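Here's the letter readout for the chains.
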Amino acid sequence: MASETRDLNAYAENLGRRARRAGLAMARSSGRVRTDALLAMARQIRAASADVLAANRKDLDAAQELGLTTAMIDRLRLDEGRIHKIAAAVEEVAAQTDPVGEIMAGYVRPNGLRIEKVRVPLGVVVIIYEARPNVTSDAAALCIKSGNACILRGGKESFHTNMAIGEAITAALGESGLDPDAVQIVGTTDRSLVPVLLKLNRYIDVVIPRGGESLIRAVVEASTVPVIKHYTGNCHVYVHETCDYELAERVILNAKLQRPGVCNAVETVLFDARIASDFLPRIGRRLMEAGCEIRGCEATRRYLPEAKTATEDDWYREYLDLIVAFRVVDGLEAAIDHINTYGSHHTDAILTNDLRAADTFAQAVDSSSVMINASTRFSDGGEYGLGAEIGISTDKLHARGPMGAADLTTYKYIVRGDGQIRT
């Protein structure tokens, strides 16, 4: 056991040391070289499709033994079409504006000093994630674009697929003249390695976990490295008294039913008391016809007796299923108070024809994305024009909301003078 621990420590140390060296080199690379590396990466992934699919079959064969759900198996499964989409997503990142070196602010002081605030890479990023193999390529692409090195630790359910994609990435980096250690795929499924990695703060600058709440909390508790995270996606739609019923129906059905198992699906619908008797039964029955269970407050059950009784716990719940909570609230301020009390600061929407109500809601709701007359399902990197995303942050420090390449940078001040001294 002591020998295994030493081996894991040595392996983690080696990953971190190599990543730090590669990260320093990446920070000095040109945007053209990094873009060329991404285009090579897309080519290599397409060329390796047979190998990737063979590796994916190994993971699918083990899926039943691992007890994966049908939904997880679907996320894991690759075919030629999905591999093409993976490569195309890398090309989309390649086409984006290079964030590194952007002058965020520039000015001249009275003493002649020229001060620039310049965007620079974070350094070394560790991403810990679960079943989806496309996260491997997305994360690598965003880190390369932003001039970072990364260590990618996927779940054991996609291990063989991740390693095959990793080989294509390594080949692309080498072809482009970048350090192949700029993207390292963890080559073991031993969970004991993760807490060791999370304490390598002399090498690693930030950790980003992507997965369920239990994974994210475990990472936060074990890490001595800063973590960018979101625990849950308890998203709300508030139906204001001035809403257009047809618009509201369309948005709510999409927000709940289009993909109920994702973090930006709506979990609670709030109805203004002034329109609840008219609209709540209408949308409630449409949802139930689609197989959705409704848990409601006392007023909800008066208007929709088929609803189950909601408990206090339901207002906090991220169902990730065909279940939704309904609550009748006494106006805009009550809706805002409910969301700020029970929400997870992810994505919340108002449906209204009142511009002042929309502005008040947008200003007062403390969430990373606020939607006005649109589905909560839009809060992801692709829909925001960010291409692939590294995750969705509900934190307030460093990044917030869907994170693209620019969110994997920080900044430094560059000060130019001609001999000034301070007196």
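A few points on the structure. Nothing here was measured: the structure is a model prediction, and the numbers come from that model.

Thoughts on the packing of helix α2 (residues 31–47) against helix α6 (residues 134–145)
Where α2 meets α6, the axes come as close as 9 Å, and the angle between the chain directions of the two elements is 160°. The angle between the axes of α2 and α6 places the two elements in the roughly antiparallel class. At the point where α2 passes α6, the crossing takes the right-handed sense. Contacts from Arg34, Thr35, Ala37, Leu38, Met41 and Ile45 in α2 reach Ser137, Ala140, Ala141, Ile144 and Lys145 in α6.

Quick look at the nonpolar core
Judged by nonpolar contacts, the single largest core of 74 residues is most densely connected at Met41, Ile127, Leu152, Val183, Leu197, Ile204 and Val207. Ranked by residue count, the leading element in this core is α6, at seven residues. Ignoring any residue separated from it by four or fewer positions in sequence, one finds leucine 152 in contact with Ile127, Tyr129, Thr136, Ala139, Ala140, Val183, Gln184, Ile185 and Val186. Counting 35 residues, the second-largest nonpolar core is a separate cluster that includes Val266, Leu287, Phe326 and Tyr342.

Focus: the sheet that holds strand β6 (residues 206–210)
On the basis of which strands lie adjacent, the open sheet formed by four strands has the order β5-β4-β3-β6 and parallel pairing. Either end of the sheet is taken by a strand with one partner, and the two such strands are β5 (183–185) and β6. Each strand axis lies, on average, 15° off the axis of its neighbour in the sheet, ignoring direction. Both strand β4 (residues 149–153) and β5 contribute to a ladder of three bridges, which runs parallel. The residue of β5 that forms the bridge with leucine 152 is isoleucine 185. In this fold helix α7 (residues 159–176) packs onto β3 (124–129) and β5, with an angle of close to 160° to the strand it touches most, β5. On the sheet, helix α9 (residues 213–222) packs against β3 and β6 and is oriented at approximately 160° with respect to β6.

Quick notes on the side chain of asparagine 148
For asparagine 148, the location among the structural elements is in the loop between α6 and β4. Side-chain polar atoms of asparagine 148 contact the backbone nitrogen of leucine 122, separated by 2.8 Å. Other than its neighbours up to four places away in sequence, asparagine 148 contacts Met26, Pro121, Leu122, Gly123, Val125, Cys143, Ala182 and Leu408.

Section: the packing of aromatic side chains
Each aromatic ring pair is described using two quantities: the centre-to-centre distance and the angle formed by the ring planes. Enumeration according to the criterion identifies six aromatic pairs in this entry. Counting every residue linked through ring pairs, the aromatic cluster contains Tyr245, Phe271, Phe279 and Phe326. Here the guanidinium or amino end of lysine 117 rests over the ring plane of tyrosine 411, the centre of that ring lying 4.2 Å away.

So, how was this worked out
- Residues numbered from 1 in each chain as written.
- Predicted model: local features only at pLDDT ≥ 70, side-chain atom pairs only at ≥ 80, totals over all residues.
- Heavy atoms only, no water.
- Axes fitted to C-alpha atoms, helices over the stretch in contact; angles between N-to-C directions.
- Helix = DSSP H or I, 4+ residues; strand = E, 2+ residues; numbered from the N terminus.
- Parallel < 35°, antiparallel > 145°, perpendicular 65-115°, else oblique.
- Left-handed = near helix turned anticlockwise from the far one by under 90°.
- Contact = heavy atoms within 4.5 Å.
- Core = buried A, V, L, I, M, F, W, Y, C linked by side-chain atoms within 4.5 Å.
- Buried < 20%, exposed > 50% of the residue type's maximum accessible area, 1.4 Å probe, protein only.
- Pairing = 2+ DSSP bridges.
- Polar contact = N/O pair within 3.5 Å; in protein donor to acceptor, adjacent residues only side chain to side chain.
- Phe/Tyr/Trp six-rings, centres within 6.5 Å; stacked < 30°, edge-to-face > 60°.
- Lys NZ or Arg CZ within 6 Å of the ring centre and 35° of its normal.

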